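Residue strings, one per chain:
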Amino acid sequence: MRRTRTLAGIGIAAVALLALTACNSGSPSNPGGGDESDGGDEALFEVATDVSLEGSPTFDAMTERDGVVIGVKEDQPGLGYLDVTTGERSGFDVDIARWIAASLGFSEDQIEFKPIASANREQSIVNGDIDYYVGTYSINDKRKELIDFAGPYFVTGQGLLVAADAEEADALEDFNGKTVCSATGSTPIQNIKANFPDIKTQEYDLYSACVEDLLSGKVDAVTTDQAILIGYAAQYPDEIKVTGGLFTEERYGVGLPKGDDALRSHVNELFTDGGETWQAIFDANLGSSGIEVEQPEVDAY
Ligand code: GLU
């Protein structure tokens, strides 16, 4: 039987699940300033002025409506999270999304965030419901048939989340005959269905629903990108834990309307030239998570 080896050496180590401050990290970007409520975090980036982007229909639409519509996740602490009591959005992906908006001349009050589940991302971009998507979105060829990606801007890999008192696992095959939960339309659920026929699956739109099933003992594990799982483990450190290594390589890109090469080049250049800002956004959101990852090189295909 083939045993899936843990991918080593892609620069990530979930060393310790230190307190992840995603849920109360304030508003680290606060682009353009003007938030009086959080004690004046320094802006991580400036809102650009006098931006023009020749030949970008998406930018033209943003300019015409005087605002940006961005697809995000909102139940993934540390990456894309909405605090329903304060209304505040936080996370590495959310700040990357704000940074892109700022580079195009749009400030926080000109951004509309739309939560879009994994399975609905391509369609929402194709339909024009959003201008771009930033939310743990792995670049792959199948998705590229419908949309384009800028990036990658982050690299992680498929991992496992189990009950805190469960045995450590080091391979997906350890869950043969057991039930593993993931999100519909995601690369991890596709991997399990295609390559691990003896694993039973439970699917939901949202990973947070999988985590609830894990907490109540209805499933044996949750599988998705380890960076996502680390955020959940930090929310419930006594109940659940990340186990094993990384079983795939997931390179996150910004989902863009297909053929908008001007916008794709703009975002790729922002990432290429903006290493310091990338690092500041990483530090503000994931610096205490135990995730160690370098900014990946942009693939300007
Ligand atoms: N990165 C994987 C994907 O794009 C899993 C995370 C997610 O569903 O957003 O499918």
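Residues numbered from 1 in each chain as written. Predicted model: local features only at pLDDT ≥ 70, side-chain atom pairs only at ≥ 80, totals over all residues. Heavy atoms only, no water.

Draft legend 1. Examining the site of the ligand more closely. Near the ligand you find 17 residues, and of these Ser118, Thr136, Ser138, Tyr207 and Asp225 are the closest. Within the side chain of Arg121, an N or O atom sits 2.9 Å from an oxygen atom of the ligand. Of the pockets mapped on this structure, the ligand occupies the largest cavity. Taken together, the elements giving at least two residues each to the shell around the ligand come down to helix 5 (187-195), strand 11 (221-225) and strand 13 (250-257). Here the residues of the shell around the ligand are counted per class, giving five nonpolar, seven polar and five charged. (Near = heavy atom within 4 Å. Polar contact = N/O pair within 3.5 Å; in protein donor to acceptor, adjacent residues only side chain to side chain. 1 Å grid on protein atoms, 1.4 Å probe; cavity = no way out; pocket = protein on both sides within 12 Å on 5 of 7 lines; lining within 4 Å. Sits in = over half its atoms within 2 Å of the grid points. Helix = DSSP H or I, 4+ residues; strand = E, 2+ residues; numbered from the N terminus. Nonpolar A, V, L, I, M, F, W, Y, C, P; charged D, E, K, R; others polar.)

Draft legend 2. The state of the cysteines, seen in detail. This model, assessed by the stated rule, comprises one disulfide. A disulfide bridge connects Cys181 with Cys210, and the sulfur atoms are separated by 2.1 Å. Of note, the bridge from Cys181 to Cys210 carries an S-S torsion of about -70 degrees and is left-handed in sense. Pair noted here: Cys181 is in strand 9 (residues 179-183) and Cys210 is in helix 6 (residues 207-215), with a separation of 29 residues, a long-range link. Judged by relative accessible area, which is 0%, Cys181 ranks as buried. (Disulfide = S-S within 2.5 Å. Buried < 20%, exposed > 50% of the residue type's maximum accessible area, 1.4 Å probe, protein only.)

Draft legend 3. Geometry of the sheet that holds strand 4 (residues 88-90). On the basis of which strands lie adjacent, the open sheet formed by three strands has the order 2-3-4 and antiparallel pairing. The sheet is open, and its two borders are formed by strand 2 (75-76) and strand 4, each paired with just one other strand. The sheet contact formed by strand 2 and strand 3 (residues 80-83) spans two bridges and is antiparallel. The residue bridging Gln76 from the neighbouring strand is Gly80, located in strand 3. (Pairing = 2+ DSSP bridges.)

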